[in-house]
Amino acid sequence: MKTTFALIASLMLALMTTQQAMAQNVVNITEGTFEPTPIAIPDFSGDTPEAVARGADIAEVIRSDLANSGLFRTIDEAAFIEKDLAIDMLPRFGDWKVLNTEALIVGKTIVNPDGRMATQFRIYDVFNGRQLFSTQYTIEVVDGWRRLAHIIADDIYTNLTADGRYFDSRIVFITETGNRSRRTKRLTIMDQDGANPEFLTDGAIEVESPRFDPSSQTIIYNAIVPDRNNPLIPRRRVYLFDIETGQQEVIGNYGFSNFAARFSPDGRFVAMSLAQNGNTDIFLLNLNRRGETTRLTTDPSIDTSPSYSPDGERIVFTSDRGGSEQLYVTRTDGSAMDCPTGGRDKVCRITFGEGRYSTPVWSPRGDLIAYTRQVGGEFEIGVIKPDGSGERALARDYHAEGPTWSPNGRVIAFFKEPRGGWPSLWSVDLTGRNERRIRTPDNASDPAWSPLLSKEK
């Protein structure tokens with residue numbers, strides 16, 4: 001764990017130059033018919049063999065990030081007409097127009113004797129024959145090249161689309177090994193593209209439901225541990241884990257009466273479901289005043305899986321108060337609100353479909369709620385607007401659940417488990433057409449996507 005955190009701490013970014021002359025986005029993303037934008041990303045040049053090798057590595061990660069987004073089609077290098085591109089010379093735009101290239105990326109990497117590395121790149125709009133963006137980054141250690149590549153990919157992505165960044169982020173998930181009767185479950189973290197996997201726990205205790213604080217690199221998770229007074233009776237303990245420092249602390253011992261918790265947008269509160277006196281309701285835990293909880297729902301039904309809206313004013317959760325498990329919305333202050341179906345109430349139902357809805361999670365954009373739905377013998381990952389309109393499925397399988405949003409709210413990660421098989425991580429974008437498996441070193445479930453590691457520009 002130390003290596004990963006030291007790398008992140010030492011990745012010092014210095015913005016040297018910035019030039020942007022872009023009136024409109026090159027890529028226009030819609031939910032209708034969409035063809036990926038052809039983009040050319042030659043290997044970045046360099047003055048030394050080490051710089052050339054690093055430039056090639058950086059370009060390959062950028063190509064992979066952009067291609068995996070589903071919005072771009074990278075042009076095969078074998079088709080290039082202009083081979084020797086220089087960072088300080090305009091490309092021959094005509095040679096790239098022949099290949100139907102819409103955007104061209106030209107970069108150069110310099111490795112200094114003191115170990116620092118500088119990378120400069122330019123984005124060109126080929127059809128208009130102009131530069132859109134140029135910048136240079138310097139990092140303190142050459143080993144930080146992979147994360148630098150993700151940051152550059154984010155620069156390209158945001159300059160060519162209307163979307164925000166998401167490549168410079170990580171995913172925490174549960175690695176599952178062993179056999180079916182006794183699985184070992186360990187918290188694991190990796191880059192969003194599956195690189196640099198690293199165990200956060202040793203498997204001595206069973207872990208569940210990791211969730212990121214939207215405002216930091218802290219997670220909350222459950223662990224199944226023996227009761228001190230009776231080792232034969234397991235209890236569910238709730239932990240806070242600061243991934244940057246490696247520090248952990250217990251914030252609650254709840255027996256088996258609590259379920260997956262989620263942070264408020266500012267990280268000051270945690271919403272969770274607790275069973276008290278035979279009834280399961282949604283509670284808010286104040287992390288600044290440990291032990292202080294506020295009961296949010298009081299229905300005799302089972303209320304679970306709360307998730308905050310990005311403004312922190314509402315919570316979506318699952319309840320069977322209507323007879324089957326459906327999604328409901330309530331205000332965090334407990335006040336009444338206008339319901340989409342009419343009237344005013346403290347709790348409003350937003351789904352009315354067949355089957356059972358679960359694990360809702362609000363998009364960082366605030367415009368959609370992702371959910372798991374089980375109907376018949378199939379699961380689906382879908383999205384719905386907070387007012388209950390626009391419901392649609394994005395992915396279906398024998399067993400698929402646990403959606404988590406990318407930082408820009410355009411991609412959802414989740415896990416699948418085939419009949420008789422082991423779980424694996426997948427992602428799908430909002431069009432539902434770009435479904436991809438996320439590589440992991442072993443079987444994997446229950447993903448949680450981190451906020452951006454770097455701040456928005």
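Predicted, not measured: the structure shown is a model, and the values here were computed from it.

A. Region of the structure containing the overall build of the protein. On a plain count of helices and strands, the protein comes out with four helices and 33 strands. Rg of the C-alpha trace for the protein: 24 Å, near the compact-globule value of 23 Å for 457 residues, within the 12% margin. Its C-alpha atoms give the protein principal-axis dimensions of roughly 75 × 50 × 45 Å. Per-residue burial for the protein yields a buried fraction of 53% across its 457 residues. Entry remark: accessible area of the protein is about 19,900 Å², with carbon and sulfur atoms responsible for 46%.

B. Structural context of the packing of helix H2 (residues 49-68) against helix H4 (residues 145-160). Look at H2 against H4: their axes get within 8 Å of each other, and the N-to-C directions meet at 50°. Judged by the angle between their axes, H2 and H4 are oblique. Seen along the crossing, H2 lies across H4 with a hand that is right-handed. In this structure, H2 uses Arg54, Asp57, Ile58, Val61, Ile62, Asp65 and Leu66 to contact H4, whose residues at the interface are Trp145, Arg146, Leu148, Ala149, His150, Ile152, Ala153, Ile156 and Tyr157. Considering only residue class, the contact of H2 with H4 consists of eleven nonpolar, one polar and four charged.

C. Summary view of the confidence of the model for the protein. Across the protein, the average pLDDT comes to 89, with 90% of residues at 70 or higher. Every residue in residues 1-26 scores below 50 in pLDDT, and together they form 67 contacts with partners more than four places removed in sequence or on other chains.

D. Representation of the sheet that holds strand E29 (residues 400-405). As summarised here, the arrangement of the four strands in space is E29-E30-E31-E32, forming an open sheet in which the pairing is antiparallel. Looking at which strands have only one partner, the edges of the open sheet turn out to be E29 and strand E32 (436-438). Neighbour to neighbour, the strand axes of the sheet diverge by 35° on average, direction disregarded. In this structure, strand E30 (residues 411-416) lies alongside strand E31 (residues 424-429), joined through six bridges in antiparallel fashion. Its bridge partner lying in E31, Val411 is registered against Asp429.

E. Highlighting the state of the cysteines. Applying the stated rule across the entire model yields one disulfide. The partner cysteine of Cys339 in its disulfide is Cys348, sulfur to sulfur 2.0 Å. Every disulfide takes its handedness from the sign of the S-S torsion; for Cys339 and Cys348 that torsion is -75°, giving left-handed. For Cys348, a relative accessible area of 2% gives the class buried.

F. Layout of the environment of Ala53. Here Ala53 lies in helix H2. C-alpha separation for the pair Ala53 and Asp84, spaced 31 residues apart in sequence, amounts to 16 Å.

G. Geometry of the layout of surface pockets. Here the largest pocket is characterised by a volume of approximately 740 Å³. Lining the largest pocket we find 33 residues, and of these Ser209, Arg211, Thr359, Glu401 and Asp446 sit closest to its centre. In terms of residue count, strand E11 (residues 206-212) provides more of the lining of the largest pocket than any other element does, five residues in total. Taken together, the residues of the lining of the largest pocket sort by class into eight nonpolar, twelve polar and 13 charged. Its boundaries defined by the atoms lining it, the second largest pocket holds a volume of some 500 Å³. Elements with a minimum of two residues in the lining of the second largest pocket: E11, strand E15 (262-263), strand E19 (303-308), strand E25 (356-362), E29 and strand E33 (443-449). A breakdown of the residues in the lining of the second largest pocket according to their chemical character gives 14 nonpolar, seven polar and three charged.

H. Inspection of the packing of aromatic side chains at higher detail. Within this structure, the stated rule accounts for ten aromatic pairs. Ring centres 5.8 Å apart and planes at 70° place the aromatic pair Phe93 and Tyr124 in the edge-to-face group. Linking Phe93 in helix H3 (residues 93-97) with Tyr124 in strand E6 (residues 117-125), this pair joins segments that are 31 residues apart in sequence. Judged by relative accessible area, which is 13%, Phe93 ranks as buried. Their ring planes at 80° and their centres at 5.4 Å tell us that Tyr157 and Phe167 sit as a pair that is edge-to-face. Placement of Tyr157 in helix H4 and of Phe167 in the loop between H4 and strand E8 (170-178) is noted, with a sequence separation of ten residues between them. The exposure class of Tyr157 is buried, given its relative accessible area of 0%. Among the aromatic residues, ring-to-ring pairing joins Tyr157, Tyr166, Phe167 and Trp449 into one connected group.

I. Looking closely at the nonpolar core. In terms of nonpolar packing, the biggest core is built from 44 residues, with Ile62 and Ile156 touching the most fellow members. Of all elements in the fold, only H2, strand E5 (103-111), E6, strand E7 (130-139), H4, E8, E30 and E33 reach the threshold of two or more residues within this core. Broken down by element, the residue count for this core peaks at nine residues, all from H4. Setting aside its immediate chain neighbours within four residues, Ile156 contacts Ile39, Ile62, Leu66, Ile105, Phe121 and Ile123.

J. Spotlight on unusual backbone geometry. Notably, Asn196 is not glycine yet its phi reads approximately 55°, a positive angle. Inspection of the secondary structure puts Asn196 in the loop between strand E9 (183-191) and strand E10 (198-199). Its identity as a non-glycine residue notwithstanding, Ser209 has a phi of 50°, on the positive side. Structurally, the position occupied by Ser209 is in strand E11.

K. Representation of the pattern of salt bridges within the structure. Scanning all chains against the criterion turns up 29 salt bridges. One salt bridge connects Arg321 with Asp303, and the closest N-O pair in it is separated by 2.7 Å. Residue Arg321 is found in the loop between strand E20 (314-319) and strand E21 (326-331), and its partner Asp303 is found in strand E19; the two are separated by 18 residues along the sequence. The class for Arg321 is partly exposed, based on a relative accessible area of 27%. With a shortest N-O distance of 3.5 Å, Arg410 and Asp429 are connected by a salt bridge.

Thresholds applied
Residues numbered from 1 in each chain as written. Predicted model: local features only at pLDDT ≥ 70, side-chain atom pairs only at ≥ 80, totals over all residues. Heavy atoms only, no water. Helix = DSSP H or I, 4+ residues; strand = E, 2+ residues; numbered from the N terminus. Rg over C-alpha atoms; globule rule 2.2 N^0.38 Å. Buried < 20%, exposed > 50% of the residue type's maximum accessible area, 1.4 Å probe, protein only. Areas by Shrake-Rupley, 256 points an atom, 1.4 Å probe, with all protein chains shown as cover. Axes fitted to C-alpha atoms, helices over the stretch in contact; angles between N-to-C directions. Parallel < 35°, antiparallel > 145°, perpendicular 65-115°, else oblique. Left-handed = near helix turned anticlockwise from the far one by under 90°. Contact = heavy atoms within 4.5 Å. Nonpolar A, V, L, I, M, F, W, Y, C, P; charged D, E, K, R; others polar. pLDDT = per-residue confidence, 0-100. Pairing = 2+ DSSP bridges. Disulfide = S-S within 2.5 Å. 1 Å grid on protein atoms, 1.4 Å probe; cavity = no way out; pocket = protein on both sides within 12 Å on 5 of 7 lines; lining within 4 Å. Points joined across faces, edges and corners; volume = space filled by probe spheres on them. Phe/Tyr/Trp six-rings, centres within 6.5 Å; stacked < 30°, edge-to-face > 60°. Core = buried A, V, L, I, M, F, W, Y, C linked by side-chain atoms within 4.5 Å. Salt bridge = Lys/Arg side-chain N within 4 Å of Asp/Glu carboxyl O.

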